[in-house]
Amino acid sequence: MGFEPPQRLVRALGEMYGDAAAAGWLAGLPALTERALTAGDGLTVERVAAPGGRSSLVVLVRRADGTPAALKIAPPVAGPELERAALEHWNGWGAVKPLDAPEPAGPELDAPELDGSGALLLERLHHEVSLRSLPEAKALLEAAGTLRRLWVEPPAGHGFETVAERTEAQSAGMRAAAEADPELAPLVDAALAARAELVEGAPELLLLHGNFRQSKVLAGERAPWLTVGPEPLVGERAYDLARLVRDRVEDLIASPGGPVTARRRVKKLAESLEVEQARLHGWTLFRAVESGTRALAEGRRQMGEVNLEFAGWL
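What you see is a predicted model; the values in this text were computed from it and never measured.

Asker: A description of the overall build of the protein chain should follow, citing residues and the corresponding values.
Answerer: Across its full length, the protein chain carries 12 helices and 9 strands. The globule rule puts the C-alpha radius of gyration for 314 residues at 20 Å, and the 19 Å found for the protein chain is close to it. Over its C-alpha atoms, taken along the principal directions, the protein chain stretches across nearly 55 × 40 × 40 Å. Across the 314 residues in the protein chain, those meeting the buried criterion constitute 51%. Taking all contacts inside the protein chain whose residues are at least 6 apart in sequence as the whole, residues at least 24 apart take part in 72%. Summed over all atoms, the accessible surface of the protein chain reaches about 14,100 Å², with 52% contributed by carbon and sulfur. Treating the 35 positive side-chain charges of the protein chain as one cloud and the 45 negative ones as another, the clouds have centres 6 Å apart.

Asker: Which residues make up the confidence of the model for the protein chain, and what are the values?
Answerer: On average, residues of the protein chain score 89 in pLDDT, and 93% of them reach the 70 mark or higher. Ranking the helices and strands of the protein chain by mean pLDDT puts strand β6 (residues 206–208) first, with 98, and helix α2 (residues 19–27) last, with 83. Low confidence marks residues 101–116, where pLDDT is under 50. Its contacts with residues over four positions away, or in another chain, come to 47 contacts.

Asker: Any chance you could break down the packing of aromatic side chains for me, citing the residues and the numbers?
Answerer: Summed over all chains, the structure comprises 3 aromatic pairs. Between the aromatic rings of Tyr 239 and Trp 283, the centroid separation amounts to 5.2 Å while the plane-to-plane angle is 85 degrees, which identifies the pairing as edge-to-face. With Tyr 239 in helix α8 (residues 237–245) and Trp 283 in helix α11 (residues 277–297), this pair connects stretches of sequence that are 44 residues apart. Taken individually, Tyr 239 and Trp 283 each receive the classification buried, so the pair is uniform in this respect. Note on Phe 310 and Trp 313: the rings are 6.0 Å apart at their centroids and 55 degrees apart in plane angle, and the pair reads as tilted. Here Trp 313 and Phe 310 lie together in helix α12 (residues 301–313), a separation of 3 residues that amounts to about one turn. For the residue pair Phe 310 and Trp 313, the accessibility class agrees, reading buried in each case. One aromatic cluster is present, formed by Tyr 239, Trp 283 and Phe 286 through successive ring pairs. The lysine or arginine in question, Arg 149, covers the ring of Trp 93, its NZ or CZ lying 5.9 Å from the ring centre.

Asker: Just give me the short version of α2, but keep the residues and values in it.
Answerer: Helical geometry: 3.6 residues make up each α-helical turn, so side chains three or four residues apart lie on a common side. For α2, the set of buried residues is Ala 21, Ala 22, Gly 24, Trp 25 and Leu 26. Contacts from the buried residues of α2 go to α1 (7–17), α3 (29–39) and β3 (68–74).

Asker: Outline the nonpolar core, supporting the account with residue identities and numerical values.
Answerer: Ranked by internal contacts, the top residues of the largest apolar core, which has 66 residues, are Leu 241, Leu 280, Trp 283, Val 289 and Phe 310. If we ignore the near neighbours within four places in the chain, the residues touching Leu 241 are Leu 147, Trp 151, Leu 269, Ala 270, Leu 273, Val 275 and Leu 280. Of all hydrophobic cores here, the second largest spans 19 residues; its members include Leu 9, Ala 36, Leu 37 and Val 59.

Asker: Describe the sheet that holds strand β5 (residues 126–130), and please don't skip the residues or the numbers.
Answerer: On the basis of which strands lie adjacent, the open sheet formed by 3 strands has the order β5-β7-β8 and antiparallel pairing. Of all the strands in the sheet, the pair left with one neighbour each is β5 and β8 (225–227). Looking at each pair of strands side by side, their axes are set apart by 55 degrees on average, direction ignored. When strand β7 (residues 217–219) meets β8, the two strands line up antiparallel, connected through 3 bridges. Residue pairing in the sheet places Leu 218 in a bridge with Leu 226 of β8.

Cut-offs and rules
- All residue numbers refer to position in the chain's written sequence, counted from 1.
- pLDDT decides what is reported in this predicted model: residues at 70 or higher carry local features, side-chain atom pairs at 80 or more are listed and counted, and totals for whole chains, interfaces and linings draw on all residues regardless.
- Think of the side-chain values as coming from all heavy atoms in the structure, minus any hydrogens and water.
- For the purposes of this entry, the term helix denotes a DSSP run of H or I that reaches at least four residues, the term strand denotes a run of E that reaches at least two, and both are numbered from the N terminus.
- Radius of gyration: over C-alpha atoms. The globule rule applied is 2.2 Å multiplied by the number of residues raised to the 0.38 power.
- Exposure is judged per residue with a 1.4 Å probe applied to protein chains only, and the accessible area is read against the type maximum: over 50% gives exposed, under 20% gives buried, and values in between give partly exposed.
- Any two residues whose heavy atoms approach within 4.5 Å at even a single point are treated as in contact.
- Computed with the Shrake-Rupley method and a 1.4 Å probe, the accessible areas treat only the protein chains shown as cover for residues.
- Positive charges are assigned to Lys and Arg, negative charges to Asp and Glu, while His and the chain termini are left out of the count.
- To locate a charge, take atom NZ for lysine, CZ for arginine, CG for aspartate or CD for glutamate.
- Values of pLDDT, ranging from 0 to 100, describe the predictor's confidence in every residue of the model.
- A pair of Phe, Tyr and Trp rings is counted when the ring centres sit within 6.5 Å of each other, with Trp represented by its six-membered ring. The angle between the planes then sorts it: under 30 degrees is stacked, over 60 is edge-to-face, the rest tilted.
- Put simply, a charge is over a ring when the Lys NZ or the Arg CZ is close to the ring centre, within 6 Å, and near the line of the ring normal, within 35 degrees.
- For this analysis, a nonpolar core means a set of buried residues of the types Ala, Val, Leu, Ile, Met, Phe, Trp, Tyr and Cys, connected via side-chain atoms within 4.5 Å.
- For two strands to pair, DSSP has to find at least two bridges joining them.
- Here the axes come from fitting lines to C-alpha atoms, over the contacting stretch only for helices, and the angles between their N-to-C directions go from 0 to 180 degrees.

Here is the structure:
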């Protein structure tokens, strides 16, 4: 199969893992995709979804019986096996439903951290229609209802990391950013202090999406809106909801009432989903600072500055 991966994917992998590692995995992508298609028992290709995501290739396909589906190919570092486990546990409840997905083994590549691939065969959604197509108030309402469905007990014997584990790993990068730029130190210190307090008193251990936002909720046929692209972990609902608070952050930054709107959004989302407001505030602060410092480290300066300005409003 000859194709060019979407440039959005090429750029994002380079930012996240380095150009050399990304190039190694991308070079093997055609062969990995062909192997997944062959293993998929009668899959035929329609086209590559574009502009696509930042961590995987999505190929729109049809199954042998004509049913539309989506074949998602992701590097192992993106955790496709954990995504599969979460989607199978949700079994279509609020999320895209996995089909009988092929699982090809990847070839040996020059970049060991991106060796191989994971393939997921998923029900076809309308990838061009996300909640971001709706007015903001309606989008937040639909997003909250979708997210609520995902918060369930994790499966027995699961291999998902906890919120404490993920955020501890992220804290190292935040500290490094503060050391490199002392002006960031007050925000980073506040975010890390909030995390320490939140982790100490975590109230629940539920299966979480991990990266939930409006663009991760797509229009479907089986249900009006279904979420995609989880980075699953287990922990409290406030952590999962915190990323949604920051949605459409560029619009908030451009608005003269941005700070007031941001704080009001924390209050409204906490009340609508019965989450403690102080905990949502703390996780929103931590996640905004973490995203901002990570974006700066990856060379995405504008996005980094936007997220850090948002954090400063809280």
